[in-house]
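Spelled out, the chains give:
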Amino acid sequence: MLQVRSCSVEEAVACSRQIPELKNPYPAAEYEQRLSGVPHLLLLAESDGDMAGFKAGYERAGVFYSWMGGVCPEYRRQGVAQALAREQENWAKAEGYRHIRFKTRNYLKPMLIFALNNGFYITAVEKRADPLSNRIWLEKVLI
């Protein structure tokens with residue numbers, strides 16, 4: 001059974017190391033630096049006590065920024081990303097945020113499809129020499 005709960009930086013970092021798309025996962029120090037002194041949320045999804053995925057976000061320029069996250073390969077297509085996103089959105093709404101924003105890369109097609117299917121809109125593209133490395137900014141209005 002899937003459970004989503006708040007977690008520590010150490011748990012989020014440990015889970016991030018199980019996500020193959022995060023080639024060089026950030027260390028705990030980067031999380032501490034970004035989350036220090038700002039409202040933030042760290043979530044961990046577990047299935048029967050095993051890490052299934054995580055999501056980390058914080059306030060950035062008055063908007064909730066969904067900074068980092070992923071689902072472990074063996075738990076994909078089982079509703080983990082949806083459960084994490086729902087929990088994050090509910091928390092952000094309860095905290096008074098009106099928007100959630102995040103950035104992904106062009107080669108991460110499943111993330112783009114997930115975002116577009118869940119009410120996000122593309123707001124900007126940061127072009128790179130390799131189009132697959134373009135950064136794509138997305139935003140969702142919380143109602």
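Quick caveat: nothing in here was measured; it's all calculated off a predicted structure. In every chain, residue numbers begin from 1 and rise along the written sequence. Since the coordinates come from a predicted model, pLDDT governs what is reported: local features require at least 70, and pairs of side-chain atoms require 80 or more to be given and counted, while whole-chain, interface and lining totals use all residues. Water and hydrogen atoms play no part in the side-chain values, which are based on all heavy atoms of the structure.

### A look at the overall build of the protein chain
Turning to step 1, where the next piece is worked out: Only DSSP runs of H or I with at least four residues qualify as helices, and only runs of E with at least two residues qualify as strands; both kinds are numbered from the N terminus onward. Scanning the protein chain for helices and strands turns up four helices and seven strands.
Turning to step 2, where the next piece is worked out: In sequence order, the protein chain lays out its α and β elements as β-α-α-β-β-β-α-β-α-β-β.
Turning to step 3, where the next piece is worked out: Relative to the 2.2 N^0.38 estimate, which gives 15 Å for 143 residues, the radius of gyration of the protein chain is 14 Å and therefore close to what a compact globule would have.
Turning to step 4, where the next piece is worked out: Once the C-alpha set of the protein chain is aligned to its principal axes, its extents read approximately 40 × 35 × 30 Å.
Turning to step 5, where the next piece is worked out: Any two residues whose heavy atoms approach within 4.5 Å are treated as being in contact. When contacts within the protein chain are restricted to residue pairs at least 6 apart in sequence, long-range pairs at least 24 apart make up 58% of them.
Turning to step 6, where the next piece is worked out: Each accessible area is a Shrake-Rupley result for a 1.4 Å probe, and residues are judged covered by the shown protein chains and nothing else. Only carbon and sulfur atoms are counted for the fraction: they give 51% of the accessible area of the protein chain, which is about 8,100 Å². Throughout, the radius of gyration refers to the C-alpha atoms, and the reference size of a globule is 2.2 Å times the residue count to the power 0.38.

### Let's talk about the nonpolar core
The tendency in soluble globular proteins is for nonpolar side chains to be buried as a group.
Turning to step 1, where the next piece is worked out: Side-chain atoms within 4.5 Å are what join buried Ala, Val, Leu, Ile, Met, Phe, Trp, Tyr and Cys residues into a set we call a nonpolar core. Using a 1.4 Å probe on the protein chains alone, a residue whose accessible area is under 20% of its type maximum counts as buried, one over 50% counts as exposed, and one in between counts as partly exposed. If you look at the biggest cluster of nonpolar residues, it comprises 38 residues, and the most contacted ones within it are Y31, L42, F54, W67, M68, V80 and L138.
Turning to step 2, where the next piece is worked out: For V80, the residues in contact, after removing those within four places along its chain, are L2, A45, A52, G53, V71 and Y75.

### Some thoughts on the pattern of salt bridges
Two side chains that carry opposite charge are able to pair once their charged atoms sit near each other.
Turning to step 1, where the next piece is worked out: Each salt bridge in this description consists of a side-chain nitrogen of Lys or Arg and a carboxyl oxygen of Asp or Glu lying within 4 Å of one another. Applying the stated criterion to the full structure yields seven salt bridges.
Turning to step 2, where the next piece is worked out: Residue K140 pairs with E89 through a salt bridge whose shortest N-O separation is 3.0 Å. With K140 in strand β7 (residues 135-141) and E89 in helix α3 (residues 80-94), this pair connects stretches of sequence that are 51 residues apart. Each member of the pair, K140 as well as E89, is classed as buried.
Turning to step 3, where the next piece is worked out: Among the charged side chains, a salt-bridge network with shared partners connects R5, E11 and E46.

### What to know about the sheet that holds strand β3 (residues 50-60)
Turning to step 1, where the next piece is worked out: Strands pair, by our definition, only if DSSP identifies at least two bridges between them. Ordered by their spatial adjacency, seven strands build an open sheet running β1-β2-β3-β4-β5-β7-β6, and the pairing between neighbours is mixed. Each end of this open sheet is capped by a strand with a single partner; those strands are β1 (2-6) and β6 (121-126). The mean angle between the axes of side-by-side strands here comes to 25°, regardless of whether they run parallel or antiparallel.
Turning to step 2, where the next piece is worked out: The sheet contacts of helix α4 (residues 109-117) involve β5 (99-105), β6 and β7, and relative to β5 the element is tilted by about 155°. Lines fitted to the C-alpha atoms define the axes, with helices restricted to the stretch that makes contact. Angles between their N-to-C directions range from 0 to 180 degrees.

### What to know about the layout of surface pockets
Turning to step 1, where the next piece is worked out: Within this scheme a cavity is a closed region of a 1 Å grid, computed over the protein atoms alone, that accommodates a 1.4 Å probe without allowing it to escape, whereas a pocket is open but has protein on both sides within 12 Å along at least five of seven lines; lining residues each have an atom within 4 Å of a point. Grid points are joined across faces, edges and corners, and a volume is the space filled by probe spheres set on the points. When its volume is computed, the largest pocket comes out at roughly 1,400 Å³.
Turning to step 2, where the next piece is worked out: Together, 40 residues line the largest pocket, and G69, G70, T104, L108 and M111 are the ones closest to its centre.
Turning to step 3, where the next piece is worked out: Looking at the lining of the largest pocket, the elements that each hand over two or more residues are α2 (28-35), β3, β4 (63-71), α3, β5 and α4.
Turning to step 4, where the next piece is worked out: Sorting elements by how many residues they give to the lining of the largest pocket places β4 first, with seven residues.
Turning to step 5, where the next piece is worked out: Residues are grouped as follows: Ala, Val, Leu, Ile, Met, Phe, Trp, Tyr, Cys and Pro are nonpolar; Asp, Glu, Lys and Arg are charged; every other residue, Gly included, is polar. When its residues are assigned to classes, the lining of the largest pocket shows 21 nonpolar, nine polar and ten charged.

### Section: unusual backbone geometry
Turning to step 1, where the next piece is worked out: The backbone of D48 sits at a positive phi, close to 50°, despite the residue not being glycine.
Turning to step 2, where the next piece is worked out: Topologically, D48 is positioned in the loop between β2 (40-47) and β3.
Turning to step 3, where the next piece is worked out: Non-glycine residue A61 carries a positive phi angle of around 55°.
Turning to step 4, where the next piece is worked out: By the secondary structure assignment, A61 is in the loop between β3 and β4.

None of the figures reported here should be taken as evidence of function without further support.
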